[in-house]
Amino acid sequence: MNFALALLIVAIQPEAPIGIRYPAATEIFRCNFDASWDANFDGWPDRWTRRQGPGFPHYVEMTIQEDSNLGSDRCLEVRLDGGGAVAYSPPIPIGHRYSYVLEGRLKTSGLEHDRTFFSLTLLNEKQGRLERFTSEPVRDAAQWEKVRLGPVLPSSEDVCWAVIGLHLEPGERADLKGSASFSDLWLGRLPRMELELDRPHHLYHDCHRIQVVCTTSGFSEHNPTIRLLLEDALGNRVAEAKPPLQIQEEEDAEASLAGREGKETLPPMGKASWQPPAPGPGFYRLWASLESGETVVFRQSVALVIIQPDSVPVGGEFGWTFPRGTGPLDLHELRQLVTQAGVNWVKFPLWYDENTGDDEVARLIGFAERLSAQGIKLVGLLNEPPDSLRKRYESRGPLSAAEIFSPDPEVWYPSLELVMMRLATQVRWWQLGADDDTSYVGYSELSKKLRQVKTQLDRIGQDVNLGIGWGWMNRLPDTLDAPWRFVSLSSRPPLSSQELAAYLKITRRPNLDRWVVLEPLSAKQYPVRVRAEDLVRRMVSATIHGAEAVFVPDPFDPQCGLMSPDGTPGELLLPWRTTALMLAGAEYLGSIQLPGGSPNQVFAREGTVTMLVWNPRPTREILYLGETVKQVDLWSRSRAPEMIGDEHVIEVGPLPVFVTGLNLEVTRWRQAFSLAADRIPSVFGRQHPNAARMANRFRLGVAGSVRLVGPEIWSLSPSGAEFRLAEGEAFQFPFQMSLPYNATSGRHPVRAEFQIQADRLYRFSVYRTIEVGLGDVYLQCTTVLNGQGELEVEQWLINETSEPVSFRCELFAPDRRRLKIDAAAQGRSRDVQVYHLRDGKQLVGKTLWLRAAEIGGKRTLNYRFRAEP
């Protein structure tokens with residue numbers, strides 16, 4: 001095992017009420033601030049300490065108080081008077097072979113800017129700080145709330161002590177008044193478990209086998225059970241095993257811990273290994289459970305991804321922004337990741353000064369060169385000036401782009417000149433500020449200032465492409481002779497796919513590229529299905545409506561990123577990658593009508609056609625699509641669809657899937673086919689003229705035939721025709737439609753069956769619908785069983801014309817006498833009538849027929865429906 005990552009343990013029962021103690025944990029510390037913690041009655045807990053220094057004045061009151069809502073317990077209360085306050089527990093003995101969970105209760109009053117939270121600080125033998133964990137900050141807690149931190153795993157074998165911290169600290173501003181109370185502090189000890197995978201950052205290719213080693217320690221049972229489970233992105237079980245746990249013998253069974261009384265015996269340690277069957281490309285989560293008998297002590301998980309290596313299409317629009325630089329990965333690892341992530345653009349901070357070492361500069365240059373060699377464009381982010389320049393600004397907080405570049409160039413350009421001298425030939429695109437920096441919105445004399453900046457960059461870069469951040473809700477700046485080439489558009493909250501489409505339609509400007517900042521939904525608020533679908537729909541919307549580039553603003557964001565903060569893959573990495581590889585540089589063709597009515601979007605790139613398809617209900621779409629068709633889900637799992645004769649069976653559901661390998665000429669032929677009339681009046685027993693229209697979309701002349709197929713009781717004459725067409729030539733053949741008196745109104749499918757001889761023989765169908773009834777007068781029905789056991793049929797005659805209409809209506813039910821009612825509706829109104837059928841239960845599930853003949857007119861409305869209880 002060459003690569004290991006320390007991972008947070010996942011709770012055994014994450015849905016369990018937080019009011020109970022963490023399952024299977026052993027208590028090692030508890031404090032409820034009762035009398036035993038205040039032996040000298042001074043109102044301060046014995047052996048606790050308090051933070052001193054700037055921002056934490058001693059005059060802020062922090063004392064033990066009674067609280068009737070806590071029963072017999074008391075609390076430590078902080079009353080603000082400016083500043084903040086922090087209290088620390090006495091050191092608690094711990095060891096590196098365990099994991100720990102901290103629980104406590106807190107309550108606040110009157111806080112506007114300050115926040116409260118718990119911390120757990122781990123110390124070495126000499127009580128030097130090793131690492132610190134903090135809970136989520138709380139501001140509004142009018143009643144007592146339970147807070148849980150962890151479980152956490154010490155990352156160092158030198159850990160000997162833990163200290164609990166109770167914090168009331170200012171935010172961007174400090175509160176002068178308000179209070180916070182803390183109570184019921186509890187620290188529990190759990191066994192420790194770590195998972196090691198044999199690939200860096202858990203990224204596999206399909207040719208590699210997965211090797212996992214589970215190491216556990218701190219368990220009390222002599223020989224506990226380890227259960228390993230592999231699941232896919234949606235939680236479906238892939239494989240499972242119970243490998244034997246090999247207990248390791250200790251050379252020294254006892255270890256003296258300095259500063260503590262006596263000696264402690266080291267807890268046992270064991271290892272179990274497994275090679276789960278490689279299931280092919282996809283996102284997977286590996287779970288490890290430590291079990292004692294039938295009880296699960298706790299579970300831990302780690303994510304991994306298996307990808308099929310693939311080249312990224314040149315000239316694509318999808319990219320990633322790294323606002324803080326490399327983060328958890330070094331430049332070499334980052335380059336390896338982005339070249340397999342479907343990325344054509346990378347935004348990266350490139351501002352350094354004379355204090356930057358030659359080795360680091362050489363690594364940046366090599367990074368830029370290697371990306372360029374693989375067709376990835378590097379955008380230099382000028383969002384964080386080097387320390388030598390930052391000292392020249394009065395602000396000590398984060399600097400916006402407008403603040404950085406507002407002074408004369410002699411302030412900021414000298415340090416940038418070093419960057420441009422080294423990187424100008426590799427980097428042609430530069431952005432002022434991060435993706436969410438909209439400080440130039442409303443900037444006075446914006447064009448003049450940015451022309452000044454561009455002039456300085458062009459001294460070495462020679463006509464660089466300059467861009468700035470902008471808000472979607474702000475009117476775009478005037479682009480006439482503008483010095484900037486692009487704007488990076490963002491908003492909070494992010495735009496939906498529909499909003500993105502609408503804004504892209506109205507923001508087209510000459511000589512201005514619109515770079516969309518696309519932040520995924522938060523993992524805290526949405527399940528993975530929703531997040532994946534939303535991400536894909538917004539990527540597709542940006543592609544369809546002409547965004548020149550689409551960027552994820554921080555792939556390593558813990559809630560909204562595509563990766564985890566430790567550099568391992570997240571649940572959305574593959575939906576992003578799959579969509580980017582499918583759509584990068586593709587042309588949007590529109591959609592095709594499928595026999596099952598599933599919505600879809602079709603794209604073409606270099607002669608290949610891809611369709612994104614979905615349906616709110618599980619549906620099987622059966623039609624011929626091409627010769628090398630594959631169905632690919634959002635996590636890159638692909639399969640060849642089932643075949644029925646020459647036709648493909650595409651399984652469609654609410655989550656979109658890609659279908660690749662569509663025949664381009666057949667697809668375009670389907671799109672070009674139309675009916676002269678797709679709506680006819682509901683007049684039965686007479687002929688309605690119509691015509692089928694088509695055009696040759698093959699790249700050569702063709703000969704063939706077409707046959708029209710409608711509902712079984714319809715008559716189409718003639719039903720077919722033969723044709724011989726040159727490339728691009730159009731063809732139309734007329735036909736007559738005749739509908740019998742029992743034909744129903746509404747939308748009906750019509751199929752055109754083609755046989756075409758081109759470079760070979762093609763057989764395929766095109767699907768359309770014809771609406772019977774002009775949609776101006778129509779029927780609607782609902783059914784219900786009433787209290788008397790009757791089936792009530794409520795009939796609505798809806799008139800959307802300006803003229804009054806009258807119909808004689810007849811309801812036909814199986815094995816029942818027909819019922820008659822006359823209905824009349826004035827212009828733009830509705831008439832409601834109710835039929836009563838005895839013994840209604842006998843009719844539930846059966847089909848009823850409602851026929852309405854116009855009084856004094858030719859229209860007949862037929863409506864069939866199923867009786868529902």
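Please read all numbers here as calculations on a predicted model, not as lab measurements. (Residues numbered from 1 in each chain as written. Predicted model: local features only at pLDDT ≥ 70, side-chain atom pairs only at ≥ 80, totals over all residues. Heavy atoms only, no water.)

Peer 1: Teacher, can you tell me more about the overall build of the protein here?
Peer 2: Across its full length, the protein holds ten helices and 55 strands. Counting only C-alpha atoms, the protein reaches 100 × 80 × 60 Å along its principal axes. Counting across all 869 residues of the protein, residues that qualify as buried make up 53%. Look at the contacts in the protein between residues 6 or more apart in sequence, and 70% of them connect residues 24 or more apart. (Helix = DSSP H or I, 4+ residues; strand = E, 2+ residues; numbered from the N terminus. Buried < 20%, exposed > 50% of the residue type's maximum accessible area, 1.4 Å probe, protein only. Contact = heavy atoms within 4.5 Å.)

Peer 1: Can you help me understand the packing of helix H8 (residues 528-544) against helix H9 (residues 573-583) in this one?
Peer 2: When two helices pack together, their arrangement is captured by the angle between the axes and the distance separating the axes. Relative orientation of the contacting elements H8 and H9 amounts to 25°, with a least axis distance of 10 Å. By the angle between their directions, the pair H8 and H9 is classed as roughly parallel. Two packed elements cross with a definite hand, and for H8 against H9 that hand is right-handed. For the pair H8 and H9, contact is made by Ala532, Leu535, Val536, Met539, Val540 and Thr543 and by Pro575, Trp576, Thr579, Ala580 and Leu583, respectively. The residue makeup of the contact of H8 with H9, split by class, is nine nonpolar, two polar and no charged. (Axes fitted to C-alpha atoms, helices over the stretch in contact; angles between N-to-C directions. Parallel < 35°, antiparallel > 145°, perpendicular 65-115°, else oblique. Left-handed = near helix turned anticlockwise from the far one by under 90°. Nonpolar A, V, L, I, M, F, W, Y, C, P; charged D, E, K, R; others polar.)

Peer 1: Hey, could you run me through the sheet that holds strand S50 (residues 791-799) in this one?
Peer 2: Either a parallel or an antiparallel arrangement is found when strands of a sheet pair, and the pairing is made through backbone hydrogen bonds. The strand order across the open sheet formed by three strands is S49-S50-S53, and the pairing between neighbours is antiparallel. Two strands close off the open sheet at either side, each with one partner strand: strand S49 (777-785) and strand S53 (829-837). Ignoring which end each strand starts from, the neighbouring axes of this sheet average 20° apart. Where S49 and S50 come together, nine bridges link them in antiparallel fashion. (Pairing = 2+ DSSP bridges.)

Peer 1: How should I be thinking about the pattern of salt bridges in this particular structure?
Peer 2: Opposite charge on two side chains allows them to pair when their charged atoms are near. Tallied over the full model, the rule gives 37 salt bridges. A salt bridge links Arg237 to Glu240; the nearest nitrogen and oxygen atoms lie 2.8 Å apart. According to the relative accessible area criterion, Glu240 is partly exposed, its value standing at 33%. Note that Asp776 and Arg859 form a salt bridge whose closest N and O atoms lie 3.7 Å from each other. Taken together, the residues span a long stretch of sequence, with Asp776 in the loop between strand S48 (761-772) and S49 and Arg859 in the loop between strand S54 (847-854) and strand S55 (860-866) at a distance of 83 residues. Connected via shared salt-bridge partners are Arg30, Arg105 and Asp184. (Salt bridge = Lys/Arg side-chain N within 4 Å of Asp/Glu carboxyl O.)

Peer 1: Hey, could you run me through the environment of Leu504 in this one?
Peer 2: Among the secondary structure elements, Leu504 is positioned in helix H7 (residues 497-506). The spatial distance from the C-alpha of Leu504 to the C-alpha of Thr121 is 49 Å, given a sequence separation of 383 residues. Sequence-distant contacts of Leu504, that is, excluding residues within four places in its chain, are made with Trp472, Arg514, Val516, Ser541, Ala542, His545 and Ala547.

Peer 1: For this particular structure, what's the right way to read the environment of Val793?
Peer 2: Following the sequence through the fold, Val793 ends up in strand S50. Val793 sits in the buried class, given a relative accessible area of 0%. When the C-alpha atoms of Val793 and Gly720 are compared, they prove to be 41 Å apart, with 73 residues separating the residues in sequence. The residues touching Val793, leaving out its near neighbours within four places in the chain, are Thr782, Thr783, Leu811, Gln833, Val834, Tyr835, Leu837, Leu848 and Phe865.

Peer 1: Sorry if this is basic, but what is going on with the packing of aromatic side chains here?
Peer 2: Centre distance and the angle of the planes are the two values used to describe a pair of aromatic rings. All told, the structure shown has 33 aromatic pairs when counted by the stated rule. Measuring from centroid to centroid gives 5.8 Å for Phe118 and Phe182, while their planes differ by 80°, and the two rings are edge-to-face. Linking Phe118 in strand S8 (residues 115-123) with Phe182 in strand S12 (residues 179-197), this pair joins segments that are 64 residues apart in sequence. Each member of the pair Phe118 and Phe182 is classed as buried. Members of the aromatic cluster, joined through ring pairs, are Trp669, Phe673, Phe698, Phe723, Phe731, Phe754, Tyr762 and Phe764. Lying over the aromatic face of Tyr98, Arg189 brings its terminal NZ or CZ to 4.4 Å of the ring centre. Positioned above the aromatic ring of Trp849 is the side chain of Arg864, whose terminal nitrogen or guanidinium carbon lies 4.8 Å from the ring centre. (Phe/Tyr/Trp six-rings, centres within 6.5 Å; stacked < 30°, edge-to-face > 60°. Lys NZ or Arg CZ within 6 Å of the ring centre and 35° of its normal.)

Peer 1: Got a minute to help me understand the pairing of S12 in this structure?
Peer 2: Every regular strand shows the same layout, with side chains that alternate between the two sheet faces. Where burial is concerned, most of S12 is hidden: 16 out of the 19 residues are buried. In the sheet, strand S4 (residues 74-79) pairs with S12 via four bridges, with the strands oriented antiparallel. The residue bridging Glu77 from the neighbouring strand is Ser181, located in S12. With six bridges joining them, S12 and strand S14 (residues 212-217) adopt antiparallel strand pairing.

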